[in-house]
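Here is what each chain is made of, one letter per residue.
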Amino acid sequence: MTESVQRLLTVRDQARQARDEAQRALQQAEQQCAQARSQGQMLQSYRSDTAVRWTTPRDRATDTVQMDTAHHFLARLDTALRQHEFNLHQVTTQATQRRAALLAAETRLAALN
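Residues numbered from 1 in each chain as written. Predicted model: local features only at pLDDT ≥ 70, side-chain atom pairs only at ≥ 80, totals over all residues. Heavy atoms only, no water.

Which parts of the structure should I look at to understand the overall build of the chain?
Broken down by element type, the chain carries two helices and zero strands. The globule rule puts the C-alpha radius of gyration for 113 residues at 13 Å, and the 25 Å found for the chain is more than 25% above it. Along the first, second and third principal axes, the C-alpha atoms of the chain reach 90 × 15 × 15 Å. Within the chain, the proportion of its 113 residues that are buried is 19%. A fraction of 87% describes how many contacts in the chain between residues 6 or more apart in sequence connect residues 24 or more apart. In the chain, the 15 positive side-chain charges and the 12 negative ones have mean positions that sit 4 Å from each other. (Helix = DSSP H or I, 4+ residues; strand = E, 2+ residues; numbered from the N terminus. Rg over C-alpha atoms; globule rule 2.2 N^0.38 Å. Buried < 20%, exposed > 50% of the residue type's maximum accessible area, 1.4 Å probe, protein only. Contact = heavy atoms within 4.5 Å. Lys, Arg positive; Asp, Glu negative; His and termini not counted. Charge placed at Lys NZ, Arg CZ, Asp CG, Glu CD.)

Laid out in structure tokens, this is it:
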């Protein structure tokens, strides 16, 4: 085998490793997105259930302290939802970037084959 062919094979192996790493990174990012979406759905469901529980008229009397506590808790849930939306946007952006990196790695590898 000539030296130039050996170099080409080495470069191709490195490109294959880079592609494999990019695939793993994308899979990890997609898992994080799925987990974040699931967590967001649970958080939204919990917020909805809590709002219904505290805004639905009941037979028993509720004092102002309980109502105030419930409103503060709902406000904290709203803050958590906003933070979660920000985090979801970040992991989605990361997944998009990793998808682009994988495409670039696959293109480099295809050019060497």
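What is the right way to read the packing of helix α1 (residues 3–55) against helix α2 (residues 64–112) from this model?
Axis angle and axis distance: for two packed helices, these are the angle between their axes and the distance between the axes, and together they describe the pair. Where α1 contacts α2, the two axes come as close as 7 Å, and the packing angle between them is 160°. Our classification of the angle between α1 and α2 gives roughly antiparallel. Crossing angle aside, the handedness with which α1 passes α2 is left-handed. Across the contact of α1 with α2, the residue classes tally to 29 nonpolar, eleven polar and ten charged. (Axes fitted to C-alpha atoms, helices over the stretch in contact; angles between N-to-C directions. Parallel < 35°, antiparallel > 145°, perpendicular 65-115°, else oblique. Left-handed = near helix turned anticlockwise from the far one by under 90°. Nonpolar A, V, L, I, M, F, W, Y, C, P; charged D, E, K, R; others polar.)

I keep staring at α1 and nothing clicks. Help me out?
Residues spaced three or four apart along an α-helix face the same direction, because each turn holds 3.6 residues. A rise of 1.5 Å per residue sets the reference length of α1, with its 53 residues, at 78 Å; its end C-alpha atoms lie 77 Å apart and thus fit the reference within 8%. Listed as buried for α1 are Ala-15, Arg-19, Ala-22, Leu-26, Ala-29, Cys-33, Ala-36, Gly-40, Leu-43, Arg-47, Thr-50 and Ala-51. In this fold, the buried residues of α1 make contact with α2. (Expected span 1.5 Å × (residues − 1).)

Mind showing me how you'd approach α2 here?
Helix length check: α2 (49 residues) gives 72 Å between terminal C-alpha atoms against 72 Å at 1.5 Å per residue, within 8%. Considered for burial, the residues of α2 that qualify are Ala-70, Leu-74, Leu-77, Leu-81, His-84, Val-91, Ala-95, Leu-102, Ala-105 and Leu-109. In this structure, the buried side of α2 is in contact with α1.

What is the right way to look at the packing of aromatic side chains in this model?
The relation between two aromatic rings is expressed through the spacing of the ring centres and the mutual angle of the planes. In this structure the tally under the stated criterion is one aromatic pair. With a centroid separation of 6.1 Å and 85° between ring planes, the pair formed by Tyr-46 and Phe-73 is classed as edge-to-face. Taken together, the residues Tyr-46 in helix α1 and Phe-73 in helix α2 connect sequence positions 27 residues apart. The class of Tyr-46 is partly exposed, set by a relative accessible area of 41%. By relative accessible area, which is 33% here, Phe-73 ends up partly exposed. (Phe/Tyr/Trp six-rings, centres within 6.5 Å; stacked < 30°, edge-to-face > 60°.)

Please explain the pattern of salt bridges as it appears in this structure.
In a structure, side chains of opposite charge can pair up when their charged atoms sit close to one another. Across all of its chains, the model carries five salt bridges by this definition. A salt bridge links Arg-99 to Glu-30; the shortest N-O distance between them is 3.2 Å. In this pair, Arg-99 sits in helix α2 while Glu-30 sits in helix α1, placing the two residues 69 residues apart along the sequence. Glu-30 gets classed as partly exposed once you look at its relative accessible area, which sits at 36%. (Salt bridge = Lys/Arg side-chain N within 4 Å of Asp/Glu carboxyl O.)

Worth remembering: the numbers are spatial, not functional.
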